[in-house]
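The lines below spell out each chain.
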Amino acid sequence: MTRRVVLLLLAVFALIGTAGQAQAAGYRYWSFWDRDGGTWVYATQGPSLARPSDGDVQGFRFAVSADSQDAARPRGTADFASICAKTPAKEGTKRVALVLDFGTASDAPSGETPPAARTACAQVSPDATTADALAAVADPLRYDNSALLCAIAGYPKAGCGEQVAEQDPTATPTRRPAAGDANDDDGPSVGLYAGIAVVAALAGAATWQARRRRNATD
């Protein structure tokens, strides 16, 4: 195998490796959290199902995350006492402290600027859900057809859980492919297949050249 072929093979393998990394992706969405003491815990129910108790602190964070293990937590240390200090208790209601973290510029959709993070004290009926509490203090909210929370206080203006490249969170989002989609991002890329084909072709050429040399010296 010639030195030139070896270098070409190494270059192609390097391209295949980076192609795999380029496929790594996350989703741009609002994550939902419960405050347990001084720790944020990823919520086990969606805001339309969760029914917080009086005195609970819940948070929302907009970011690009691969999954719940990778999700960015709301920032800030404000507790219930400080968030609801100006909202006195009222019979027949409950108070829920909300932390709204609109994320960073790098997580924002193209052309949008995240509002400053803020807190709010929602005073709602005892049987109200987190979604009810959120609607009371951070309207307008936007949901998709699957009841996924897409926007809080109108942010972002468009999009909902779209997939984006992790190494470039500001890249143009792409829809999450449906099952059987020929462009399913969970599968190997076209570039990967092309790289494999090139490797195979180069390997075959190198083998043929080696055999030709051996035959010439016999």
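Anyway, here's the lowdown on the structure attached to this text. (Residues numbered from 1 in each chain as written. Predicted model: local features only at pLDDT ≥ 70, side-chain atom pairs only at ≥ 80, totals over all residues. Heavy atoms only, no water.)

Concerning empty space enclosed by the protein
Link 1 in the chain: All chains considered together, the criterion is met by 1 cavity of 30 Å³ or more.
Link 2 in the chain: By volume, the largest cavity is sized at about 30 Å³.
Link 3 in the chain: Surrounding the largest cavity, Arg28, Tyr29, Phe62, Leu149, Cys150, Pro156, Gly159, Cys160, Gly161 and Glu162 form its lining.
Link 4 in the chain: Every element with two or more residues in the lining of the largest cavity is listed here: strand S1 (25-36) and strand S7 (149-151).
Link 5 in the chain: Of the residues assigned to the lining of the largest cavity, the class counts are 6 nonpolar, 2 polar and 2 charged. (1 Å grid on protein atoms, 1.4 Å probe; cavity = no way out; pocket = protein on both sides within 12 Å on 5 of 7 lines; lining within 4 Å. Points joined across faces, edges and corners; volume = space filled by probe spheres on them. Helix = DSSP H or I, 4+ residues; strand = E, 2+ residues; numbered from the N terminus. Nonpolar A, V, L, I, M, F, W, Y, C, P; charged D, E, K, R; others polar.)

Description of the state of the cysteines
Link 1 in the chain: A complete count under the given rule lists 2 disulfides for this structure.
Link 2 in the chain: Shown here is the disulfide that connects Cys84 with Cys121, its sulfur atoms set 2.1 Å apart. The chirality of the disulfide connecting Cys84 with Cys121 is right-handed, given an S-S dihedral of about 100 degrees. In this pair, Cys84 sits in the loop between helix H2 (80-83) and strand S4 (94-101) while Cys121 sits in strand S5 (residues 118-124), placing the two residues 37 residues apart along the sequence. You'll find Cys84 and Cys121 in the same group, each marked buried.
Link 3 in the chain: Cys150 shares a disulfide with Cys160; S-S distance 2.0 Å. On the sign convention where negative means left-handed, the S-S torsion of about -75 degrees between Cys150 and Cys160 marks this disulfide as left-handed. Residue Cys150 is located in strand S7, and its partner Cys160 is located in the loop between S7 and strand S8 (162-165); the two are separated by 10 residues in the primary sequence. (Disulfide = S-S within 2.5 Å. Buried < 20%, exposed > 50% of the residue type's maximum accessible area, 1.4 Å probe, protein only.)

With respect to the nonpolar core
Link 1 in the chain: Ranked by size, the top nonpolar core spans 21 residues in total, and within it Trp30, Phe60, Leu98, Leu100, Leu134 and Ile152 carry the most contacts.
Link 2 in the chain: Of all elements in the fold, only S1, strand S3 (57-65), S4, S5 and helix H3 (130-137) reach the threshold of two or more residues within this core.
Link 3 in the chain: It is S4 that contributes the most residues to this core, 3 residues altogether.
Link 4 in the chain: Apart from the residues within four sequence positions on either side, Leu100 is in contact with Phe60, Ala117, Arg118, Leu134, Ala138 and Ile152. (Core = buried A, V, L, I, M, F, W, Y, C linked by side-chain atoms within 4.5 Å. Contact = heavy atoms within 4.5 Å.)

Considering the side chain of Arg35
Link 1 in the chain: Take Arg35: it is sitting in strand S1.
Link 2 in the chain: Of the side chains bearing the opposite charge, Asp79 lies closest to the buried Arg35, which forms no salt bridge; the N-O distance is 6.6 Å.
Link 3 in the chain: Reaching out from Arg35, the side chain makes a polar contact with the backbone oxygen of Ala78 at a distance of 3.1 Å.
Link 4 in the chain: Excluding its chain neighbours within four sequence positions, the residues that come into contact with Arg35 are Trp40, Val57, Gly76, Thr77, Ala78, Asp79 and Val99. (Lys, Arg positive; Asp, Glu negative; His and termini not counted. Salt bridge = Lys/Arg side-chain N within 4 Å of Asp/Glu carboxyl O. Polar contact = N/O pair within 3.5 Å; in protein donor to acceptor, adjacent residues only side chain to side chain.)

So, the packing of aromatic side chains
Link 1 in the chain: With the rule as written, the count across this model stands at 6 aromatic pairs.
Link 2 in the chain: Consider the rings of Trp30 and Phe102, whose centres lie 5.3 Å apart with planes at 80 degrees: the pair is edge-to-face. With a gap of 72 residues between them, Trp30 in strand S1 and Phe102 in the loop between S4 and S5 connect regions that are remote in the sequence.
Link 3 in the chain: Here the aromatic rings of Phe102 and Tyr155 are separated by 6.0 Å at their centres, their planes lie at 70 degrees, and the arrangement is edge-to-face. Linking Phe102 in the loop between S4 and S5 with Tyr155 in the loop between S7 and S8, this pair joins segments that are 53 residues apart in sequence. Each of the two residues, Phe102 as well as Tyr155, counts as buried.
Link 4 in the chain: An aromatic cluster is present here, built from Trp30, Phe62, Phe102 and Tyr155 joined pairwise through their rings. (Phe/Tyr/Trp six-rings, centres within 6.5 Å; stacked < 30°, edge-to-face > 60°.)

Remarks on the side chain of Gln163
Link 1 in the chain: Turning to its location among the elements, Gln163 is positioned in strand S8.
Link 2 in the chain: At 3.4 Å, the side chain of Gln163 and the side chain of Tyr27 are in polar contact.

Section: H3
Link 1 in the chain: Within the span of H3, buried status applies to Thr130, Ala131, Ala133 and Leu134. Down the axis of H3, the sector holding all buried residues measures 160 degrees, keeping them to one side.
Link 2 in the chain: Packed against the buried residues of H3 are S1, S3, S4, S5, strand S6 (142-143) and S7.
Link 3 in the chain: Put simply, Thr129 is the residue that caps the front of H3, since its side-chain oxygen is 3.3 Å from the backbone nitrogen of Ala131. (Arc of directions from axis to C-beta.)

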